[in-house]
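# Observations on the three-dimensional arrangement
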Amino acid sequence: MNCQMELRRKTHTRTKPSTLLFVHIPKTAGTTFQSVLSQMYDDYDHCTVYPAWQQAKDVIKSITWNGRLRAVAGHFPYGLHLEAEIQPFIESDVRYATFLRDPVRRVVSHYNHVMNSDHPSHREILGRHPTLESFLEHPWARDVQTLFVSGWKPEDVARTPGRAANASIEILRDRFEVVGLTERFDESLGLFADAFGWRLPEYTSMNLASERTRRLRVEELAPSLVDRIKAANRCDVAIYEYARSLFDERCSETLSSHYRYRPARGRRRE
């Protein structure tokens, strides 16, 4: 099903070229957002970095093109602009953006993804963590959003979670041009349109929860299990709550003055 945005925006121009660095945190509607990016930028001026930055380094090193990318998206943490391999291909003015999601829903979504995947690495993870309760022991179920936003190592986040959460909040506030929310995807696109001068196209929701053969629903989880997920993601809970307040503030400033907004009616993204 296609979802459509109707946006009327004021003239918005930038005189200085910049590069959008989209931090795609797993299971936050980043796949759907990629379909929007592919319509906003030509093939030659944007690229994706998957499965992760470490695996992409060798490929980046082999590129001889001398242009500057307008957008880079992938599973990389904040701080990519400091990597020597990427610097020849991006502008000095970099603008970070990402989507965050309710931590409980993100963890359940990640578990559902692994449970329904035939990828060998996912089958191995499911063999060691066959239940959602045991999946909480896996790194993918513990403060993943904080890791991507802060750029910290997992052991550092685990050792000083309070500092990690505070550092992430400061980075979101000071370094991210847009912080979208999965649960408010359409409004988030309005913020992206304002920040980057887009005229938004139609988009199709991708990687949908409804297409999974087997899936757990947050609403059906025992309260004690929900509490365990929150306890394993204390930093993510803190930065998500901050992101919600930041989102409301930016929406009230931007959408009310720049847009006539019509929410799209699409299926749930996962």
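In this report, the structure presented in the accompanying data block is examined. Because the structure is predicted, anything quoted here is derived from the model rather than measured. (Residues numbered from 1 in each chain as written. Predicted model: local features only at pLDDT ≥ 70, side-chain atom pairs only at ≥ 80, totals over all residues. Heavy atoms only, no water.)

### Quick notes on the pattern of salt bridges
Inspection of every chain in the model, using the stated rule, returns nine salt bridges. With a shortest N-O distance of 3.2 Å, Arg95 and Glu177 are connected by a salt bridge. Linking Arg95 in strand E5 (residues 94-100) with Glu177 in strand E6 (residues 176-181), this pair joins segments that are 82 residues apart in sequence. With a shortest N-O distance of 2.6 Å, Asp248 and Arg184 are connected by a salt bridge. In this pair, Asp248 is assigned in helix H11 (residues 234-258) and Arg184 in the loop between E6 and helix H9 (185-196), connecting sequence segments 64 residues apart. Residue class for Asp248 comes out partly exposed when judged on its relative accessible area of 41%. Among the residues examined, Arg184 registers a relative accessible area of 27% and is labelled partly exposed. Among the ionic contacts, a cluster of salt bridges with common partners joins Asp93, Arg95 and Glu177. (Salt bridge = Lys/Arg side-chain N within 4 Å of Asp/Glu carboxyl O. Helix = DSSP H or I, 4+ residues; strand = E, 2+ residues; numbered from the N terminus. Buried < 20%, exposed > 50% of the residue type's maximum accessible area, 1.4 Å probe, protein only.)

### What to know about the packing of aromatic side chains
Across all of its chains, the model carries 15 aromatic pairs by this definition. Members of the aromatic cluster, joined through ring pairs, are Phe22, Phe33, Tyr41, Phe99, Phe185, Phe192, Phe196 and Trp198. (Phe/Tyr/Trp six-rings, centres within 6.5 Å; stacked < 30°, edge-to-face > 60°.)

### A closer look at unusual backbone geometry
In this structure, Ala29 is a non-glycine residue whose phi angle is positive, near 75°. In this fold, Ala29 is placed in the loop between strand E2 (19-23) and helix H1 (30-40). Of note, the phi angle at Asp143 is positive, near 50°, even though the residue is not glycine. Tracing the backbone shows Asp143 in the loop between helix H5 (132-135) and helix H6 (144-150). Asp143 sits in the buried class, given a relative accessible area of 11%.

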